[in-house]
Amino acid sequence: MAFDKTRKIVLTGASGNLGRFLAGELVKNHGNVVLTDLVDYPGTVPVGATFIRADVADADAVMSICEEAAVILHFGGISTEKTFETILPANIVGVVNIFEAARKNGARVVFASSNHTIGFHERGRMLDTDMPTRPDSFYGISKIFGENMGSVYFDKHGVESVHIRIGSALPEPLDERHLSTWLSLPDLFSMIVRSIEAERTDFATLWGASANTRTWWRNDDSERLGIVRADNSEIFADKVSGPTNDPITEKFQGGIFCGMDTVIR
Ligand SMILES: NC(=O)c1ccc[n+]([C@@H]2O[C@H](COP(=O)([O-])OP(=O)(O)OC[C@H]3O[C@@H](n4cnc5c(N)ncnc54)[C@H](O)[C@@H]3O)[C@@H](O)[C@H]2O)c1
């Protein structure tokens, strides 16, 4: 469904690293932005946005915040590997609440998925988004769960969603792995803009990476959504740190997550 500018955009995880960046950019073009997070917004809330503190695991709070939303940008939750007990409410229950709110309000969801959905694929192997996932952590499993919620909610209820498998969204790549996984912040924002404004998305999956010469990823829904990447990590190739001494980290696309233990509680 075409984006209705009079309805609100909700951004979860607004107090986080990417959330703060997105909040600042969104208000430049949209007058109806609602920011939410488990913790207070650090500093001043951008002019033009309102902030509501809430836990995405709280179904009633999510439903109320998302009332009459056109788009929900779901960036809130645990953003690294933690115990399953920690991941469960924030990333599993939370994403169910988001998709339920989207269904009830006819909203589109843009989900911050992750490269850790495919982390145990070996480096150098070119992946398409429709190849089998290979999670490297409970965190990665939770992101696959979110993508699968999008798939079911589109097929069953017609809820549109875009799932961005973010690699390493940073101002600059820091290490050798990032030369393959880096997503510049401007490229992230242009993905968000197209995900909001595309006439229809159906169920879409994007590699959240810039046009990196050393990419491991190809064939996503970028063309269908009109997404063009402007940046390439290669210009930082002389600046980044070299490989680690850990053979597991170096073997797999998910890097350090592949060697982390999975702990239930
Ligand atoms: N930064 C990256 O390179 C990257 C890579 C892959 C995926 N992602 C995903 O993008 C999103 C944002 O990443 P980030 O780097 O800004 O992470 P971040 O940890 O800085 O931000 C996440 C935010 O979510 C909030 N949050 C945690 N639990 C919550 C809950 N139960 N209810 C409401 N809010 C909760 C936190 O308070 C935090 O502000 C995350 O979903 C992350 O998994 C990021």
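For the structure, check the block above.
A short tour of the structure in this document, coming up. Being a predicted model, the structure only gives us computed values, none of them experimental.

### A short note on the overall build of the protein chain
1) Next: Tallying secondary structure elements over the protein chain gives eight helices and eleven strands in all.
2) Next: Taking 18 Å as the expected radius of gyration for a compact globule of 265 residues, we find that the protein chain reaches 18 Å, a close match to that expectation.
3) Next: Residues classed as buried in the protein chain amount to 46% of the 265 residues present.
4) Next: Taking the contacts inside the protein chain whose residues are at least 6 apart along the sequence as the reference set, 67% of them involve residues at least 24 apart.

### With respect to the environment of Leu-183
1) Next: Structurally, Leu-183 can be placed in strand β9 (residues 182-183).
2) Next: The class for Leu-183 is buried, based on 28 C-beta atoms found within 10 Å.
3) Next: Taking the C-alpha atoms as reference points, Leu-183 and Asn-212, separated by 29 residues in sequence, lie 8.6 Å from one another.
4) Next: Sequence-distant contacts of Leu-183, that is, excluding residues within four places in its chain, are made with Ile-166, Gly-167, Ser-168, Ala-169, Leu-188, Gly-208, Ala-209 and Ser-210.

### Focus: the site of the ligand
1) Next: With respect to spatial proximity, 25 residues lie near the ligand, and among them Gly-16, Gly-76, Ser-79, Ala-112 and Ile-166 are the closest.
2) Next: Mapped by element, the contributors of at least two residues to the shell around the ligand are α1 (17-29), α3 (84-105), β5 (108-114) and β8 (168-169).
3) Next: With three residues, α1 is the largest single contributor of residues to the shell around the ligand.
4) Next: Of the residues belonging to the shell around the ligand, the class tally is eleven nonpolar, twelve polar and two charged.

### Here we look at the sheet that holds strand β1 (residues 8-12)
1) Next: Pairing in this open sheet of seven strands is parallel, and the strands run β3-β2-β1-β4-β5-β7-β10 from one edge to the other. Where the open sheet ends on each side, the last strands, each with one partner, are β3 (49-53) and β10 (203-208). Sheet twist, expressed as the average angle between the axes of neighbouring strands with direction ignored, equals 20°.
2) Next: Examined bridge by bridge, β5 and strand β7 (residues 161-166) share six bridges and lie parallel to one another. Across the sheet, Val-110 pairs through a bridge with Val-162, a residue of β7.
3) Next: This element, α3, spans β4 (69-74) and β5 of the sheet and lies at about 165° to β4.

### Side note on the pairing of β5
1) Next: With seven of seven residues buried, β5 is to be regarded as a mostly interior element.
2) Next: Residue alternation in β5 divides its side chains into two sets, Arg-108, Val-110, Ala-112 and Ser-114 and Val-109, Phe-111 and Ser-113, and both sets are buried.
3) Next: The sheet contact formed by β4 and β5 spans four bridges and is parallel. Note that in β5 the partner of Ile-72 across the bridge is Val-109.
4) Next: Assessed by its sense of winding, the connection that carries the chain from β4 through α3 to β5 is right-handed.

### Considering helix α6 (residues 185-197)
1) Next: Look at α6: 18 Å from first C-alpha to last across 13 residues, which is about the 18 Å you get at 1.5 Å a residue.
2) Next: Among the residues of α6, Asp-187, Leu-188, Met-191, Ile-192, Arg-194, Ser-195 and Ile-196 are the ones counted as buried.

### Here's the deal with α3
Residue pairs spaced three or four apart in an α-helix point in one direction, given the helix's 3.6 residues per turn.
1) Next: Here α3 is 22 residues long and its end C-alpha atoms lie 30 Å apart, about the 32 Å a rise of 1.5 Å per residue gives.
2) Next: Of all the bends found along α3, the most pronounced is centred on Gly-94 and spans about 30°.
3) Next: Buried within α3 we find Ile-87, Ala-90, Asn-91, Gly-94, Val-95, Asn-97, Ile-98, Phe-99, Ala-101 and Ala-102.
4) Next: Of the residues one or two after α3, Gly-106 is the one with positive phi, at around 65°.

### Side note on the nonpolar core
One recurring pattern in soluble globular proteins: nonpolar side chains tend to sit buried together.
1) Next: Of all hydrophobic cores here, the largest spans 59 residues; its most connected members are Ile-9, Leu-11, Val-71, Ile-72, Leu-73, Ile-98 and Val-109.
2) Next: At seven residues, α3 tops the list of elements feeding residues into this core.
3) Next: Discounting chain neighbours no more than four positions away, the residues touching Leu-11 are Gly-19, Leu-22, Ala-23, Leu-26, Val-33, Leu-35, Leu-73 and Phe-75.

### Description of the environment of Leu-38
1) Next: With respect to the element layout, Leu-38 can be found in the loop between β2 (33-37) and β3.
2) Next: Exposure remark for Leu-38: the 18 C-beta atoms within 10 Å place this residue in the partly exposed category.
3) Next: On a C-alpha basis, the gap between Leu-38 and Ala-57 in space is 9.8 Å, while along the polypeptide they are 19 residues apart.

### What about unusual backbone geometry?
1) Next: One non-glycine residue with positive phi stands out, namely Asp-202, at about 50°.
2) Next: Relative to the helices and strands, Asp-202 resides in the loop between α6 and β10.
3) Next: By the C-beta count within 10 Å, which is 15 here, Asp-202 ends up partly exposed.
4) Next: The phi torsion at Asn-219 lies on the positive side, around 55°, for a residue other than glycine.
5) Next: Relative to the elements of secondary structure, Asn-219 occurs in the loop between β11 (217-218) and α7 (222-225).

Conventions adopted
- Residues numbered from 1 in each chain as written.
- Predicted model: local features only at pLDDT ≥ 70, side-chain atom pairs only at ≥ 80, totals over all residues.
- Helix = DSSP H or I, 4+ residues; strand = E, 2+ residues; numbered from the N terminus.
- Rg over C-alpha atoms; globule rule 2.2 N^0.38 Å.
- Buried ≥ 20, exposed ≤ 12 C-beta atoms within 10 Å, placed from the backbone.
- Contact = placed C-beta atoms within 7 Å.
- Near = placed C-beta within 6 Å.
- Nonpolar A, V, L, I, M, F, W, Y, C, P; charged D, E, K, R; others polar.
- Pairing = 2+ DSSP bridges.
- Axes fitted to C-alpha atoms, helices over the stretch in contact; angles between N-to-C directions.
- Right-handed = clockwise from strand over helix to strand, strands pointing away.
- Expected span 1.5 Å × (residues − 1).
- Bend = angle between axes of the 7 residues up to and from the residue.
- Core = buried A, V, L, I, M, F, W, Y, C linked by C-beta atoms within 7 Å.

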